[in-house]
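Residue strings, one per chain:
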2 protein chains.
Amino acid sequence: MNINRRDFFSTAAAGTVGLAAIPGILSASMLPGKKKQKGILSSLKTGDVILFQGDSITDAGREKEKQQSNSPWSFGYGYAYLAAANLLNTRSAQNLSIYNRGISGNKVYQLADRWQKDCFDLKPNLLSILIGVNDFWHKLDGKYDGTVEKYENDYRQLLNLTKKILPDVKLVIGEPFAVLGCSAVNEKWYPEFDSYRASSKKLANEFDAIFIPYQAIFDEAQKQAPGKYWTGDGVHPSMAGSSLMAEAWLKAVK
Amino acid sequence: MNINRRDFFSTAAAGTVGLAAIPGILSASMLPGKKKQKGILSSLKTGDVILFQGDSITDAGREKEKQQSNSPWSFGYGYAYLAAANLLNTRSAQNLSIYNRGISGNKVYQLADRWQKDCFDLKPNLLSILIGVNDFWHKLDGKYDGTVEKYENDYRQLLNLTKKILPDVKLVIGEPFAVLGCSAVNEKWYPEFDSYRASSKKLANEFDAIFIPYQAIFDEAQKQAPGKYWTGDGVHPSMAGSSLMAEAWLKAVK
């Protein structure tokens, strides 16, 4: 290479580019984590496994035939892909294996149904779950009759089992969110949907998980651009929304 | 939201998370840009259009039916998607329209064949091109007989026409790259392939474009992890490689 490799941006900090939110969206919407929760990423060891789990927001159109780690086809285009690509780049020496096993339409009980194959068999060291919007949403058209109590109890049972089988697993719990005024989210969602959000936060506290306050993040983001810019239907994020979620995820586990 | 939104990371700088390469990969491989080239992003105006053009590395499996702006399906999973998602997030107030029109297998003359429809019709304010690996690679199996002179002359002609039709367009030229020792790249590539790289850099200088030295970046990255970690076949980047390229792109235009 006929270039001078050492004369540009010699400080480590200058290596940080991109993924910088409009100043304020994340700083205004994310609480400081408990001290013992911070630094999850720096505690990861070489060869560790990270697993993203959830519904369509995590699935994001991934192909489900091969379900490989570190493969873009197996990731879809969502926040899990954006966060994982960043981790694989910035932690290249750690040889991480990162999986996405989110499935569109899933509610908590459906995670439980496939938890052996899609969680325990992969032996994750870090497990990130985002689930709950369908546990509420699918009730609106009468095709599901769960309650917030069922959501919370099923979720708690799943987490208890997870901690039993994987006692050292580090947990990240994402808050279910919705953006009012977009095509799929209307006044009928409230106040009931808020109780699902509250349950996810309660469980994050119970299980000492990192909690990602996606609702506050999307609320704050709407000060910069309309809700539809971040999520067309109020549930599924756009490119901008997925990037914002990935940024929040990375900030939370950093 | 029952959270305190203002007591965490109140400085603007702290909003920057993620996309931070192993300290050194980019600082060691990217030259400082000319002053007049810097700040392309900050010169973008509300409603501006950004276009990514190139071959399979840019295409990255995008669906080509709808070819919408700001749509993950129309972007594929490559560096263009990662960079665009970041821009749409971090510049949400600007209402940018970002397109990917890379097509797998393309050489320069094939860009030229579709330049009216896939460039001029979109009226980009910022045009990013990564082309050249196929102009060399496709010669190896005897299916193409172009030379580096044809590559450079065709490319120059395309850029001249572009500056004529779009005199104010801001240009980014990515260096074609290859990683030796991966499945598709062997000693037969050298030294001839290097001349294609040199031509792309020469043209970037001629047209006052931002030049992204992807070869130096991938060379430097191999100090952190093997070539196959960054690109399985030596041509098409992995998730880690795509993230590294996006990070370099964002740093270059910042």
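Scope of this entry: the structure provided in the associated data block.

About the criteria used
Residues numbered from 1 in each chain as written. Chains lettered and ligands numbered in written order. Predicted model: local features only at pLDDT ≥ 70, side-chain atom pairs only at ≥ 80, totals over all residues. Pairing = 2+ DSSP bridges. Helix = DSSP H or I, 4+ residues; strand = E, 2+ residues; numbered from the N terminus. Axes fitted to C-alpha atoms, helices over the stretch in contact; angles between N-to-C directions. Parallel < 35°, antiparallel > 145°, perpendicular 65-115°, else oblique. Left-handed = near helix turned anticlockwise from the far one by under 90°. Contact = placed C-beta atoms within 7 Å. Nonpolar A, V, L, I, M, F, W, Y, C, P; charged D, E, K, R; others polar. Buried ≥ 20, exposed ≤ 12 C-beta atoms within 10 Å, placed from the backbone.

Time to look at the sheet that holds strand β4 (residues 170-174) of chain A. Adjacent strands of a sheet pair through backbone hydrogen bonds, lying either parallel or antiparallel. All names here are of chain A. One open sheet accounts for five strands, arranged β2-β1-β3-β4-β5; its pairing is parallel. The sheet terminates laterally at β2 (97-100) and β5 (210-212), the two strands that pair on one side only. Here the average twist between neighbouring strands, direction ignored, is 15°. The sheet contact formed by strand β1 (residues 49-54) and strand β3 (residues 126-130) spans five bridges and is parallel. Bridged to leucine 51 within β3 is leucine 127.

Here we come to the packing of helix α10 (residues 214-221) of chain A against helix α12 (residues 239-253) of chain A. Residue and element names in this part refer to chain A. Close contact between α10 and α12 brings their axes to 11 Å; oriented N to C, the two are set at 130°. Classed by the angle they form, the pair α10 and α12 counts as oblique. Considering only the axes of α10 and α12, their crossing is right-handed. Residue-level contacts link Tyr214, Ile217 and Ala221 of α10 to Leu244, Met245 and Ala248 of α12. When grouped by side-chain class, the residues that make up the contact of α10 with α12 number six nonpolar, no polar and no charged.

Here the focus is the pairing of β3(A). All names here are of chain A. By the criterion of burial, β3 is predominantly enclosed, with five of the five residues buried. Inspection of the sheet shows β3 paired to β4 by five bridges, in the parallel sense. In the sheet register, leucine 130 faces β4, and the bridge partner there is glycine 174.

Residues and elements named next belong to chain B. One open sheet holds the five strands; their spatial order is β2-β1-β3-β4-β5, and the pairing between them is parallel. Two strands bound the open sheet, and with one partner strand each, they are β2 (97-100) and β5 (210-212). The average angle at which neighbouring strand axes cross in this sheet is 15°, direction not considered.

So, on to the environment of Ser74(B). Residues and elements named next belong to chain B. Structurally, serine 74 is set in the loop between α3 (56-59) and α4 (79-90). Each C-alpha atom, one on serine 74 and one on leucine 180, is 31 Å from the other, the two residues being 106 residues apart in sequence. Setting aside residues up to four positions removed in sequence, serine 74 forms contacts with Arg62, Glu63, Lys66, Gln67, Gln68 and Asn100.

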